[in-house]
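Summary of the model geometry
So the chains spell out like this:
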Amino acid sequence: METAHGTQYPNVDSKSFSHGKKHYFIDVKKAVNDSCFLLITSSEQYDTDKFHRQTVQLREEDLAFFVEALSMVLSRMTADDGARFFERRK
C-alpha cells in the first residue's frame, strides 16, 4: 500500500514521469469509503538527498470540475500560442 498524507490508501492506478530534477506522480487511490481520489505530486530534487514535494488531492466528486477547467485552460493555451507548450524540449 502507498501512503497519502500519513494514511494507508491502496493504489488503483499510477503514472509517473520525470524531466531533469523534477518528478511527477499521478496516482488514483481508493479511500476508506470505497470512493476514489486523484493525488498529483510534484517532487524536485535540490541536493543529493533533499526534495521539495507539493501535492494536490482531488476527490472523486470534484474530478469532473477539475477536468473541465483544465481542458478549457489547455484549449486557450493552444489557441493563443499554438502547440509550443506541448513540445518536448531536449
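The structure reproduced in this document is the subject of the present report. Keep in mind that this is a model prediction, so the values were computed, not measured.

1. Here we look at the overall build of the chain
Looking only at helices and strands, the chain has one helix and six strands in total. Classification of the 90 residues of the chain by burial places 12% in the buried group. Of the roughly 7,400 Å² that the chain leaves accessible, carbon and sulfur atoms contribute 52%.

2. A word on unusual backbone geometry
Positive phi, close to 70 degrees, is recorded for Asp-34, a residue that is not glycine. Summarising the element assignment, Asp-34 is placed in the loop between β4 (22–30) and β5 (36–45).

3. Regarding the pairing of strand β6 (residues 51–59)
Pairing of β5 with β6 involves nine bridges; the strand directions are antiparallel. Pairing of Thr-41 across the sheet is with Thr-55, part of β6. Counting the residues in the hairpin turn of β5 and β6 gives five residues.

4. A word on the sheet that holds strand β3 (residues 11–19)
Spatial ordering of the open sheet is given by β3-β4-β5-β6, a layout of four strands whose pairing is antiparallel. The outermost strands of the open sheet, each flanked by one partner alone, are β3 and β6. Ignoring which end each strand starts from, the neighbouring axes of this sheet average 15 degrees apart.

5. Concerning the pairing of β3
Across a regular strand the side chains alternate sides, sitting on one face of the sheet and then on the other. When β3 meets β4, the two strands line up antiparallel, connected through eight bridges. Within the sheet, the bridge partner assigned to Ser-18 lies in β4 and is His-23. Once β3 ends, the chain turns through two residues before running back antiparallel as β4, passing Gly-20 with a positive phi of about 65 degrees.

6. Describing the environment of Asn-33
Turning to its location among the elements, Asn-33 is positioned in the loop between β4 and β5. At a separation of 2.6 Å, a polar atom in the side chain of Asn-33 contacts the side chain of Ser-35.

7. Considering the side chain of Thr-41
Position of Thr-41 relative to the elements: it lies in strand β5. With a relative accessible area of 8%, Thr-41 lands in the buried category. Sequence-distant contacts of Thr-41, that is, excluding residues within four places in its chain, are made with His-23, Tyr-24, Phe-25, Arg-53, Gln-54 and Thr-55.

8. Brief notes about the side chain of Asp-27
Along the chain, Asp-27 turns up in strand β4. Of the side chains with opposite charge, Lys-29 lies nearest to the buried Asp-27, which makes no salt bridge, at 4.7 Å. Looking at Asp-27, its side chain comes within polar contact range of the side chain of Ser-14, at 2.5 Å. If near-sequence neighbours (up to four positions away) are discounted, Asp-27 is found in contact with Asn-11, Asp-13, Ser-14, Phe-37, Leu-38 and Leu-39.

Conventions adopted
- Residues numbered from 1 in each chain as written.
- Predicted model: local features only at pLDDT ≥ 70, side-chain atom pairs only at ≥ 80, totals over all residues.
- Heavy atoms only, no water.
- Helix = DSSP H or I, 4+ residues; strand = E, 2+ residues; numbered from the N terminus.
- Buried < 20%, exposed > 50% of the residue type's maximum accessible area, 1.4 Å probe, protein only.
- Areas by Shrake-Rupley, 256 points an atom, 1.4 Å probe, with all protein chains shown as cover.
- Pairing = 2+ DSSP bridges.
- Axes fitted to C-alpha atoms, helices over the stretch in contact; angles between N-to-C directions.
- Polar contact = N/O pair within 3.5 Å; in protein donor to acceptor, adjacent residues only side chain to side chain.
- Contact = heavy atoms within 4.5 Å.
- Lys, Arg positive; Asp, Glu negative; His and termini not counted.
- Salt bridge = Lys/Arg side-chain N within 4 Å of Asp/Glu carboxyl O.

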